[in-house]
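Survey of secondary and tertiary structure
Here is what each chain is made of, one letter per residue.
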Amino acid sequence: MDIFGIGAGELFLILVLALIVIGPERLPEVASQLGRTVADLRRQANQLTAEFQRSLELAAQERKEQRLAATVVAPGAVCPSCGARSTREARYCASCGANLVERPADGGSGG
Ligand SMILES: [Zn+2]
């Protein structure tokens, strides 16, 4: 058993000190309470660490997806209203919301 990284000697010293300070009658009660508190704190710390790591991973993933979306943008789909580039599949401009589907009919093609 290695709580807080203390050795057996130090643990014994702490136990003796606790015996002197708290008294032999209340010692078991206080010790069990202390153990429960330590276990609770450890669990909370673990939960916090897990949550922090998850949020970090989520943020990294979002950033990656954003970068991917930025590189995916195809050239050619330029908004006629504001000039912002959008994906070829996009129906509306991501910048100003103009309709990108309504393109001027290219007449005069073929014969
Ligand atoms: Zn636009």
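Report follows, based on the coordinates. Remember, it's a predicted structure, so these values are computed and weren't measured experimentally.

Attention now goes to the overall build of the chain. Each helix and strand counted, the chain has two helices and zero strands in total. Within the span of the chain, comprising 111 residues, buried residues form 2% of the whole. Look at the contacts in the chain between residues 6 or more apart in sequence, and 2% of them connect residues 24 or more apart.

Turning our attention to the environment of Ala69. On the secondary structure map, Ala69 appears in helix 2 (residues 27–72). In this structure Ala69 comes out as exposed when scored by C-beta crowding, with 11 C-beta atoms within 10 Å. Separated by 18 residues in sequence, Ala69 and Thr87 have C-alpha atoms that sit 9.1 Å apart.

On to helix 1 (residues 8–22). Here helix 1 contains 15 residues, and its C-alpha end-to-end distance of 20 Å stays within 8% of the 21 Å for a straight helix at 1.5 Å per residue. Along helix 1, only zero of the 15 residues are buried, which leaves the element largely exposed. The first or second residue beyond helix 1 is Gly23, which carries a positive phi of 105 degrees.

Here is what the cut-offs are and how they apply
- Residues numbered from 1 in each chain as written.
- Predicted model: local features only at pLDDT ≥ 70, side-chain atom pairs only at ≥ 80, totals over all residues.
- Helix = DSSP H or I, 4+ residues; strand = E, 2+ residues; numbered from the N terminus.
- Buried ≥ 20, exposed ≤ 12 C-beta atoms within 10 Å, placed from the backbone.
- Contact = placed C-beta atoms within 7 Å.
- Expected span 1.5 Å × (residues − 1).

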